[in-house]
Amino acid sequence: MKLYYSHSSPFVRKILVTARKKNLENKIELIDLMVNGVYTPTPEFKKHNPLAKIPTLLLDNNEAMIDSPIICEYLNGLSDTGSIFPKDRAQYFQQKKIEAVADGATDAAVLRRYEQLRPENLRSADWDNKQKEKIALSYQYLESVADTLQTENFYIGEISTIAMIDYIDYRFPDEKWLAETPKLKKWYDQASKSPLFAGTEPKK
Ligand SMILES: N[C@@H](CCC(=O)N[C@@H](CS)C(=O)NCC(=O)O)C(=O)O
């Protein structure tokens, strides 16, 4: 399989961590779409994903999987070990909800980042504040469920939350979001040290 990726994408990170948990890392070849620091989707890539977004997983039969929740679910089904989903139905949907909130906050952070890259006279403070509110409310939600988060044998909700927190800290280092959410911070300080996440952090 081939994974279209970039080293700083939080959604790609979900795939890399899931692949590690499933022991599938050596089955995936990485195709970097960053050229001289600029995201550069090729025409060939756009044929595989009309949204031109990463992660995109190209299967050996040339079929493309898109969108991180779907790719993670696909990889999960390839082997029995290290499931990223709890067996219990209520816990499964709780994990999917946490994934949806973390991914949504990450989307908001990615949109803020794109706004920052526009010429200064085109940037909208109102737009930035709208996205910031989504991030703030998502941190509050995650704080409210922090006591239920796994501290080992991480599932998709925890994987997405680590990807979210590290991406937001990476892009907005002055904002110190975790300072407002002590339970989430305590969980993060322990969970983020797991070898499952090591070396997958966003980098320049
Ligand atoms: N819902 C998608 C979001 C993926 C996404 O937004 N990826 C960003 C990079 S972090 C991207 O490809 N942006 C390029 C673009 O929007 O053109 C997922 O979960 O995979």
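Please read these numbers as outputs of a predicted model, since none were measured by experiment.

Across the sheet, which stays open at both edges, the four strands sit in the order 2-1-5-6 with mixed pairing between neighbours. Strands with a single pairing partner mark the edges of an open sheet, and in this sheet they are strand 2 (29-32) and strand 6 (64-66). In this sheet, adjacent strand axes meet at a mean angle of 25° when their direction is disregarded. Bridge analysis of strand 1 (residues 2-5) against strand 5 (residues 56-58) gives three bridges, and the strand direction is antiparallel. If you follow K2 over to strand 5, its bridge partner there is L58. On top of the sheet, helix 1 (residues 10-21) reaches strand 1 and strand 2; it is set at about 150° to strand 1, its chief contact. Contacts between helix 3 (residues 68-76) and the sheet are confined to strand 5 and strand 6, with strand 6 contributing the most and set at about 125° to the helix.

Quick look at the pairing of strand 1 now. Across four bridges, the pairing between strand 1 and strand 2 is parallel. Looking at the pairing, Y5 lines up with D32 of strand 2. Read from strand 1 through helix 1 to strand 2, the crossover connection turns out right-handed.

Lining the immediate surroundings of the ligand are S9, P10, F11, Y39, A52, K53, I54, P55, D67, S68, P69 and Y114. Take S68: an N or O atom from its side chain is 2.6 Å from an oxygen atom of the ligand. Spatially, the ligand is embedded in the largest pocket. At the level of secondary structure, the elements contributing two or more residues to the shell around the ligand comprise helix 1 and helix 3. Per-class residue counts for the shell around the ligand are eight nonpolar, two polar and two charged.

On to the packing of aromatic side chains, then. A complete count under the given rule lists six aromatic pairs for this structure. Centre to centre, the rings of F154 and F197 are 5.2 Å apart; their planes meet at 55°, and the pair counts as tilted. With F154 in the loop between helix 5 (125-144) and helix 6 (156-171) and F197 in the segment after helix 7 (182-191), this residue pair connects regions lying 43 residues apart in the sequence. Exposure class is identical for F154 and F197. Each is buried. The interplanar angle of 55° and the centroid separation of 6.4 Å between the aromatic rings of Y167 and Y170 together place this pair among those described as tilted. Here Y167 and its partner Y170 are both found in helix 6, three residues apart, which amounts to about one turn of the helix. Owing to a relative accessible area of 4%, Y167 belongs among the buried residues under this scheme. The rings of F85, Y92 and F93 are connected pair by pair, giving a single aromatic cluster. In this arrangement the basic side chain of R112 is found over the ring face of F172, its NZ or CZ atom lying 4.1 Å from the centre.

Rules used throughout
Here, residues in each chain are numbered from 1, in the same order as that chain's written sequence. With pLDDT at 70 or above as the cut-off, local features in this predicted model cover only qualifying residues; side-chain atom pairs require 80 or more to be listed or tallied, and sums for whole chains, interfaces and linings still use all residues. Hydrogens and water molecules were not included; the side-chain quantities draw on all heavy atoms of the structure. Only strands joined by at least two bridges in the DSSP assignment are considered to pair. Helix and strand labels come from DSSP, where a helix needs a run of H or I of at least four residues and a strand needs a run of E of at least two; each type is numbered from the N terminus. Here an angle of 0 to 180 degrees is reported between the N-to-C directions of two axes, which are lines fitted to C-alpha atoms, with helices fitted over the stretch in contact. Contacts: residue pairs with any heavy atoms within 4.5 Å of one another. For the handedness criterion, the strands are oriented away from the viewer, and a crossover whose path from the first strand over the helix to the second runs clockwise is classed as right-handed. Near is defined per residue: the residue qualifies when any heavy atom it owns lies within 4 Å of the molecule or strand. Here a polar contact is taken to be a pair of N or O atoms separated by no more than 3.5 Å, where protein atoms must pair a possible hydrogen donor with a possible acceptor and residues adjacent in sequence count only if both atoms sit in side chains. Any residue with an atom within 4 Å of a point lines the site, the site being either a cavity, points on a 1 Å grid over the protein atoms alone where a 1.4 Å probe fits but cannot get out, or a pocket, an open set with protein on both sides within 12 Å along at least 5 of 7 lines. Grid points define the cavity or pocket, and a molecule sits in it when more than half of its atoms lie within 2 Å of them. Think of it as three bins: nonpolar holds Ala, Val, Leu, Ile, Met, Phe, Trp, Tyr, Cys and Pro, charged holds Asp, Glu, Lys and Arg, and polar takes everything else, Gly as well. The rule is short: rings of Phe, Tyr and Trp, with Trp giving its six-membered ring, pair when the centres are within 6.5 Å, and they are stacked under 30 degrees, edge-to-face over 60, tilted in between. Only protein chains enter the calculation, and the probe is 1.4 Å; a residue is then buried if its accessible area is under 20% of its type maximum, exposed if over 50%, and partly exposed in between. A positively charged side chain is recorded as over a ring if its NZ (Lys) or CZ (Arg) lies within 6 Å of the ring centre. The angle to the ring normal must also be within 35 degrees.

Take it as geometry only, folks, not as evidence of what the structure does.
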